[in-house]
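Breakdown of the fold
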Amino acid sequence: MKTLPLLALLLLGQWGHCFEFIIDGEWEGETSGLDTRHERHKRAILTSEEEEDFEAIRGDDITVKSYKVESRITSRFAHTTVRSSVVNSGSKAQSIGFNVQIPKRAFITNFTMNVNGITFTGSVKEKTVARNLYAQAKARGKAAGIVRTNSQDMETFKTEVHVPPGSNIQFELHYQEMMQRKLGVYEHSLHLQPGRLVPQFQVDVYIYEPNGISFVQTTNAFGERFIGLTKMNTTKEKAHIVFKPNVEQQRKCENCTDSGVDGLFRVTYDVSRDHNAGELQVSDGHFVQFFAPSSLTPLPKNIVFVIDVSGSMWGVKMKQTVEAMQAILDDLTMDDYFSIVDFNHNVRCWSEDLVPGSSIQVEEAKSYIRGIKPNGGTNINEALMKAVQMLLKASNQRLIDPRSVSMIILVSDGDPTVGEIKLSKIQKNVKRVMKEEFSLFSLGIGFDVDYDFLERIAMENRGMAQRILANHAASEQLRSFYRQVSSPLLRQITIQFPEEAVSDVTHNRFDKFFSGSELVVAGKLRLTEETTLTSFTTASAASMDLTLETETEIGELDAKLAGQQHSVTGFARQMWAYITVNQLISERSLAPTAAKKRKITQRILTLAVEHQFVTPLTALLVESEDGGERLLADSPKDPKQGCCSGMTVPTPVILNYSPPPWVQPPTPRPLPSQMDGSKLDQITIVENDPHFIVHLPRAQMDVCFNIDSEPGHILNLVSDPGAGVVVNGQLVGAKGPRADGKTSTYFGAISMYYQPEGLEVTASTERITVRDSHRGHSFTWAATANITQDGVKISIVKESHVTVSVNDNIRVMVLLHRVWKKHPINVDYLGIYVPTDNQYSPLVDGLIGQFSVEPEVRVYNPHPGADPLKEEATMEVKGHQLSVTRGWQKDYRQDRKQGSDVYCWFVHNSGKGFIDHHYTSYIVPHSHSFLQLA
């Protein structure tokens, strides 16, 4: 790679001024005769100096009139504009620089500059086209340049203009990025270092999240005296952050002329999530599905740490690595299995087999790590082969949980020097032996590392890479990365949409989902008459299989955005293009053939030009209004970064596996009345206060009774020790008494416990919780979902009902009743519907279970009662003669608001004589308790 210092003069004789633009960069495709290791060392030094010397505005005897940054974030997509107005206030012509540090994951979309009334406007073009046009200008002595340089998270956009005294220059840069969720937050970073005092200095960050913002906060690295200068206005869906220090507040000290604004200004926030099924947004003919479930138990992990202990790791790198490993090992649990491979020219194993993360094993591993002394060469190939072999051995011997997540974490600071040293060969070797369920994560320490290789080998094996700066914070960087991957919640995630409704969908299959992160799928809408869009997500959790459903109104979000002054125009369209281009760049780096690479390249060029993204394959051509003068904003290739320098790509999983066998194709949502095929009238119902409606199929009769118990009591509904199934309901009380002075009670929670698997499903008015002896998972009523675990199926229909089925033999449906939150008396409650054809064992009992054997019932002598609307009669049942009243109760399966009337004979006194025992005998101590009758 040849470094080309370019110096060109842009002569604008008709205005009587002379402008000089300077570029210093590297062009992709050119080769270097220099030693690559020397170049890599040189780059590390240069990068460090660049970071130290960075200033937003450079030059002597200049006046910076204003420096303003505005970021608009809509649904995690950010559009940032940096503007500055500068005057050459000196007596001589001079160079004035405009520099902006932008996130590596961002795409520059435009740059404009006005020099003494001459406006230069940018447009993204295919790189070869832009360079040809630029070369034409350069050949006439009219040229300019912009270059992006590398650091860990930021890149520097740089331009210089040489102008006569008195010149006025306005700079304006635009860039866009998709916010990536890490460790439970989105972070938007703005690098502010004007280098001088600015009369008009202002930062505005506008956030709009349609589903709401759960929290937002700001931090800055400018010092304590800037605390309190940030103003924030927030509502449920919006936030506006303003940082506007005046000149006196900017001074480093009382009489200083230097600015104290020097560092990162960070805005972190997260969005409100009311369910695990994700958030589906539709706008401008495009859709975006966000998926970030919580309240799930982490999957067990099997980790092999592969640590470079070659001579180049001596000193601070090894010290920081050892410090990080102490904390990382402490994070392991007894459900996790791990081992350590350290390598130089040889490969050693702390343990040849994976061992559980017990305190004893962890302490031994920490002691081993502390004893490492770096020396020798670097044998990456053999170290990775050994790590894969250890995972394969544990998997083949079935020593690890089949639902666990297996991963290799490689920490290295250099290229291979021993054994197999050809990078492409190592890449092929690892891919050949890795199983599809294994992942490789690569951490490259320092700039003296082939990061492109580490990134490709990770991406090809369902992982990701990160560069770790070799400084005092390296230990925290290592720990932070580990925290991102230390809590896997789901495996084999697939997010699907109706084929007739969408097209051009981004990657929708993901190997793993980690706690605190987010999966994003985007696409285009087809022209249909549908007014809603639905997504179906399938995944495998620690002990269950999930199918989640999300639905949204197609025109709803656009109507909201129309009233938002600071929203990002066409955010869904740009986000879809952003994700697609990044995924294509990743695919291009892994393309197996030149023909495949050319095809992908053309797709990138088409999208980048259409959506105005400066990518490694496109450039920003900045021209004067008449097209006579041109600048070029290029993205040079870093010899140790490859084609994808600066791209932090959401890890795509390019797999061709089919959905797991338990996944069923989406079916129309059933009405509650269908209840797994049960006949409408063959249901025993518990509704309202709580009224039991027992259907007697042989007698073709419904018998009702009420239980007059206390709030907090748990009533046993079904107790079947033979089938190992129990259903219990806990009562809640109304907010206040009725007109008759009594307080109504309702079922606030229904639990179904399956003893053979130790599995309990509890539906409350807030959420549905699934627990076993090791873990628990929680789901809200806000989304439709299907869960399968250990013979138990749970089907949740959004804000309606949940059906729990055990081995397809015993089914219970729980219906959700919402009331007006400000109602002075009523509370949310649950209704229970149990089919009479449930297949219980002969040992079944309970307030409902006892009627699996239908009693002989005879009703006679019907006559008018005291209430003319309620007929009275005598009932013979179980040797008792009971006075009963005929009236109406409610079945809410078809009409959840008004209900359907059920005509039944009502047994008074809490069912006395109709149920086998006094109602207090059916009160149990716990939600999973079986009935214990004397």
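Parameters at a glance
- Counting restarts for each chain, with residues numbered from 1 along the sequence as it is written.
- Given that this is a predicted model, residues contribute local features only at a pLDDT of at least 70 and side-chain atom pairs are listed and counted only at 80 or more, while totals for whole chains, interfaces and linings are drawn from all residues.
- For side-chain calculations, the full set of non-hydrogen atoms in the structure is used, while hydrogens and water are omitted.
- Numbering of helices and strands runs from the N terminus; a helix is a DSSP stretch of H or I covering at least four residues, while a strand is a stretch of E covering at least two.
- Each residue is placed in one exposure class: buried if its accessible area under a 1.4 Å probe, protein chains only, is under 20% of its type's maximum, exposed if it is over 50%, and partly exposed if it falls in between.
- Whether two residues are in contact is decided by their heavy atoms, any of which lying within 4.5 Å being enough.
- Only centres within 6.5 Å qualify two rings of Phe, Tyr or Trp (six-membered ring in Trp) as a pair; their planes then separate them into stacked at under 30 degrees, edge-to-face at over 60, and tilted for everything else.
- By definition, a salt bridge exists where a carboxyl oxygen of Asp or Glu is found within 4 Å of a side-chain nitrogen of Lys or Arg.
- In a helix, the anticipated span is given by 1.5 Å times the number of residues less one.
- Here, a strand pair is defined by DSSP locating no fewer than two bridges between the strands.

1. What to know about the overall build of the chain
What the chain contains, in helices and strands, is 13 helices and 54 strands. Within the chain, buried positions represent 58% of all 934 residues. Residue pairs in contact within the chain that sit at least 24 positions apart in sequence constitute 68% of those at least 6 positions apart.

2. Digging into the packing of aromatic side chains
Enumeration according to the criterion identifies 25 aromatic pairs in this entry. Here the aromatic rings of Phe 98 and Phe 171 are separated by 4.6 Å at their centres, their planes lie at 0°, and the arrangement is stacked. With Phe 98 in strand β6 (residues 94-103) and Phe 171 in strand β11 (residues 168-178), this residue pair connects regions lying 73 residues apart in the sequence. Overall, the relative accessible area of 2% leaves Phe 171 in the buried class. Here the aromatic rings of Phe 338 and Trp 350 are separated by 5.2 Å at their centres, their planes lie at 20°, and the arrangement is stacked.

3. Structural notes on the pattern of salt bridges
Applying the stated criterion across every chain, the model contains 35 salt bridges. Notably, a salt bridge pairs Glu 518 with Arg 273, separated by 3.0 Å at the nearest N-O pair. Of this pair, Glu 518 sits in the loop between β30 (509-514) and β31 (519-525) while Arg 273 sits in the loop between β18 (263-271) and β19 (279-283), placing them 245 residues apart in sequence. In this structure Arg 273 comes out as partly exposed when scored by relative accessible area, which is 28%. Note that Asp 336 and Lys 301 form a salt bridge whose closest N and O atoms lie 3.0 Å from each other. A residue pair is termed long-range when its members are at least 10 positions apart, and Asp 336 in the loop between α4 (316-330) and β22 (337-343) and Lys 301 in strand β21 (residues 301-308) qualify at 35 residues. Judged on exposure class, the residue Asp 336 and its partner Lys 301 are both buried. In the salt-bridge network here, residues are joined through shared partners; they are Arg 76, Arg 181, Glu 209, Asp 270, Arg 273, Glu 279 and Glu 518.

4. Some details on helix α11 (residues 571-589)
Spanning 19 residues, α11 covers 27 Å between terminal C-alpha atoms, matching the ideal 27 Å at 1.5 Å per step. Counted residue by residue, α11 has 18 buried out of 19 residues, so it is predominantly covered.

5. Overview of the sheet that holds strand β20 (residues 286-291)
Strands sit in the order β19-β20-β31-β29 across an open sheet of 4 strands; the sheet is antiparallel. Two strands lie at the open edges of the sheet, namely β19 and β29 (502-503), each paired on one side alone. Sheet analysis places β19 next to β20, joined by 5 bridges and oriented antiparallel. In the strand pairing of β20, Gln 281 is matched with Val 288.

Function cannot be read off these values alone, since they describe shape.
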